[in-house]
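What follows is the residue order along each chain.
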Amino acid sequence: MMKFVGKIREKIINTNFKGNLENLKESLFRLLKMVKKEFRLLKTDKMNLIIALALPPIIIVLFGSMSNIKYDPVPIPCIVVTNDSNTFINPNNYTETKIDDFAILYVDAVNKSKDLDLIAVYNSSEDAYVMETARNDLISSRIQIIIVIPVDFSEMLSSRLPGIIECIPESSDFQHIQDNLNAVQDSINIFIEDNHLNPKFVLQAYEEYSIPSNYNFKFNYNITLMLSFVIFGISTVLTILVVVQEKPIARLLLTPAKRVEILISKYMTYMIILSIQVILLITSCLSQGLYLRGSIFDLFIALFMVGFTGVSIGIFISAVSKTKTEANQLFFAFYIIIVILSGIFIPISAMPEYLQVFAYMLPLSHGDPMIRGIVTKAKSVFGFDFFSLLCISAFFVILSFIAFLKRRYEV
Amino acid sequence: MSSYNAVKIMVDVQNLNVAFGNKKIIHDVSFSVKKGEIIGMFGISGAGKTTIIRVLTCQIEKKNWTGNVKVSDLTPAKKKNHSKILANIGYVPQLETLNLYFDFKPMVNVDVFASNYGMNKKEAKEIARSLFTILDIPEDTWDKSLKKMSGGEKKRVSMALGLIHRPEILFLDEPTTGVDASKRYDILSYLKKLNRQLNTTMFIITHDLEAALICDKVAILREGKLLEFEVPQKLILSLPSEGLVVRFIIEGLNNDKINIIKKFVSVQKIIRVGNEMLEVLMNNFEESLPKLIQYMMEKGIKINSMSRDVATFRRYFQLRIQEEEEKEKILM
């Protein structure tokens, strides 16, 4: 031990502190100069620097403005179908309601409920096909719940018997099933309280468009969101460098090849790749037990459309970027904003109006509802979301052509 | 027919002026080039060599230039002519990264570029084989990745691609830049070989003054003005005493000694080469040389060695640029 201490003492005595201090000073000087050089290099790519500095606060401000708003749940659109004054066609037991006073009072309660937004009231005694009409509204996502007032509703309540309300909540998104049921329950509570009724009340729910129990519940509820994110992300990443990294384009432009032809060839290539990606995605989803109510063709078109929007945004980013780093930064900026405003963090309907308008201009806000509609409701692909995506992709295709035609090439 | 080809004008430039905004880049340039000629475009950086080539290759919009320009009898002033002009010209950029897909094999690159001229794969391959053979590109590399090729091989593949569609005119931007000294002459001799065998008109933009060796005519540019457009030998012969030059190595050479030599009556031009070497051009060379030596000795200038030679194009170029700079100084 003493020997070891002695050695250290000797080393300290022999150490040239002055020389070491000089070395340290020189090293620090070099270090500072190199840091300065790094900043100079950063300044040469201004766009990159602007994105790197401005994007994080923009994201936080955007997220904050979405989250800071007082969250009032958006009233759930519903339709009330009343069978109260109708003849119940039952060959064994023909019953006919004489009165429908309570049905009207219940409709008042629905109107009073802040959780529900009454779109229409249908009376089955006036139109035999009201349920079909209501179901069409449910499938088109115009409404989220059909509330059904059963036969003899008023008579049972008049007799002080427990009341029954039936409802058909849209159950394709499991996160909203409970919200839907709570909203109906709220209307029942108001109805009981206002009319001093027997608090024993039964709410019978029949889930519509839910995943059958023999299918993987978690996989099927999450896959629709996953699909749109995956296909959009992959197709965008694949295309963000196609223009910016292909240097011989400059030389190709000194052949009879035209700029338009060069860009169209890129679109054609990546559309073929996209088709293969979509086929592989659908195949792998089916192999994992996808519950697909709609047609595979509709699902293919839907995924292709989401992917094509990604391709058009990717090629646009590539056409406007001067360097690969700039393209990567721009992609990140686009992607993060698109994801934040897609409705996965906060429902679009709960965002401030100006953000809602902006959100509906972004592709992922349409991808999930469109795919979910096909998968769980067998909806046709050609709806609002499809045409929105068509407009978004057309917009970016045009922008990418303008950017590419104006891009400076020199050999 | 052959006599017609010999005089066919491939490029005709009359009163070309190029300006970007208020900045005038090219000032009233005129020249014409016959089929099969090799033209060397020389000038220091910013002389306007590349700008002229860009006009000829349809890269500069008409709004930026005036004058009568014809490439293969077609004017780049009209957009509808661009495809035809581009189909008739080849271009070999300075950097291979702009001309070659490094991830592809040479033959795949051939296919990519040839298809833009409407050529089928078989036809393109046949032409590529003959070009690769002329350019001595080893056959075992034709179907290997370009990444594995040497710099010189890449350069030659790039040249072959410029000629793949058998263009009448080939533009080469700094073909010898980035090639080591021993290979520079190889590249130049390959160009001459291609020119002889294919009778392709060539424009060589270069800083490498040795390239004049293979040029039928040279264009010397300075600050957007065309100073000369002539056969290089003719330019050399236009120097005093038809370009005969005496080269002295002088001990302790300095500006005072140079000024003393300048005062000798027959001396026309003096070029300092390095620290101690001086090249002198004078009138009546044979008669004046002994007198000059006598004069220098009388003035105490010690000559360590002396030789006589004929001026190269490099010397002509230096003198011409020097002359222009002196003219400018006087005007200022």
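Residues numbered from 1 in each chain as written. Chains lettered and ligands numbered in written order. Predicted model: local features only at pLDDT ≥ 70, side-chain atom pairs only at ≥ 80, totals over all residues. Heavy atoms only, no water.

Remarks on the domain arrangement of chain B
Residue and element names in this part refer to chain B.
Next up, step 1: Segmentation of chain B into domains returns domain 1 (2–230) and domain 2 (236–331).
Next up, step 2: Counting residues at the interface gives 13 residues for domain 1 and nine residues for domain 2.
Next up, step 3: Around 1,100 Å² of area is buried between domain 1 and domain 2 when both sides are counted, 67% of it from carbon and sulfur atoms.
Next up, step 4: The largest per-residue losses of area from domain 1 upon contact with domain 2 belong to Leu209, Ile220 and Arg222, which jointly make up 51% of the total buried on that side.
Next up, step 5: A salt bridge links Arg320 to Glu228; the nearest nitrogen and oxygen atoms lie 2.7 Å apart.
Next up, step 6: Counting the contacts that link domain 1 with domain 2 gives four residue pairs in polar contact (both at pLDDT 80 or more).
Next up, step 7: Ranked by residue count, the leading element in the side of domain 1 that touches domain 2 is strand 8 (residues 217–222), at four residues. (Domains from an automatic or database assignment. Contact = heavy atoms within 4.5 Å. Buried area = accessible area lost by both parts, 1.4 Å probe. Salt bridge = Lys/Arg side-chain N within 4 Å of Asp/Glu carboxyl O. Polar contact = N/O pair within 3.5 Å; in protein donor to acceptor, adjacent residues only side chain to side chain. Helix = DSSP H or I, 4+ residues; strand = E, 2+ residues; numbered from the N terminus.)

Here's the deal with the packing of helix 11 (residues 296–320) of chain A against helix 15 (residues 384–406) of chain A
The packing of two helices is summarised by the inter-axis angle and the distance between the axes.
Residue and element names in this part refer to chain A.
Next up, step 1: Closest axis-to-axis distance for the helix 11/helix 15 pair is 8 Å, and the angle between their directions is 25°. Relative to helix 15, helix 11 is oriented roughly parallel. Remark: the crossing between helix 11 and helix 15 carries left-handed chirality. Note on element contacts: helix 15 touches helix 11 through Phe386, Leu389, Leu390, Ile392, Ser393, Phe396, Val397, Leu399, Ser400, Ala403 and Phe404, opposite Ile301, Met305, Val306, Phe308, Thr309, Ser312, Ile313, Ile315, Phe316, Ala319 and Val320.
Next up, step 2: Taken together, the residues that form the contact of helix 11 with helix 15 break down as 18 nonpolar, four polar and no charged. (Axes fitted to C-alpha atoms, helices over the stretch in contact; angles between N-to-C directions. Parallel < 35°, antiparallel > 145°, perpendicular 65-115°, else oblique. Left-handed = near helix turned anticlockwise from the far one by under 90°. Nonpolar A, V, L, I, M, F, W, Y, C, P; charged D, E, K, R; others polar.)

Examining the state of the cysteines
Residue and element names in this part refer to chain A.
Next up, step 1: Summed over all chains, the structure comprises zero disulfides over all chains.
Next up, step 2: Cysteine Cys167 remains unbridged, with the sulfur of Cys78 as its closest cysteine sulfur at 10 Å.
Next up, step 3: Look at Cys167 and you get buried, because its relative accessible area is 0%. (Disulfide = S-S within 2.5 Å. Buried < 20%, exposed > 50% of the residue type's maximum accessible area, 1.4 Å probe, protein only.)

With respect to the packing of aromatic side chains
Next up, step 1: In total, this model carries 31 aromatic pairs over all chains according to the counting rule given.
Next up, step 2: For the pair Phe386 of chain A and Phe387 of chain A, a centre-to-centre distance of 5.2 Å together with 85° between the ring planes defines the contact as edge-to-face.
Next up, step 3: Among the residues examined, Phe386 of chain A registers a relative accessible area of 7% and is labelled buried.
Next up, step 4: Summarising the aromatic geometry, the rings of Phe313 of chain B and Tyr316 of chain B are spaced 6.5 Å apart at their centres and angled 25° between planes, so their arrangement reads as stacked. Of this pair, Phe313 of chain B and Tyr316 of chain B both sit in helix 11 (residues 313–331), three residues apart, which is roughly one turn of the helix.
Next up, step 5: Note on Tyr316 of chain B: relative accessible area 5%, which makes it buried.
Next up, step 6: Of the aromatic side chains, those joined through ring pairs into one cluster are Phe102, Tyr106, Phe153, Phe191 and Phe201 of chain A.
Next up, step 7: Over the aromatic face of Trp65 of chain B sits the side chain of Lys62 of chain B, whose NZ or CZ is 4.5 Å from the ring centroid.
Next up, step 8: The ring of Tyr185 of chain B has Arg184 of chain B sitting right over it, with the charged end atom 5.9 Å from the ring centre. (Phe/Tyr/Trp six-rings, centres within 6.5 Å; stacked < 30°, edge-to-face > 60°. Lys NZ or Arg CZ within 6 Å of the ring centre and 35° of its normal.)

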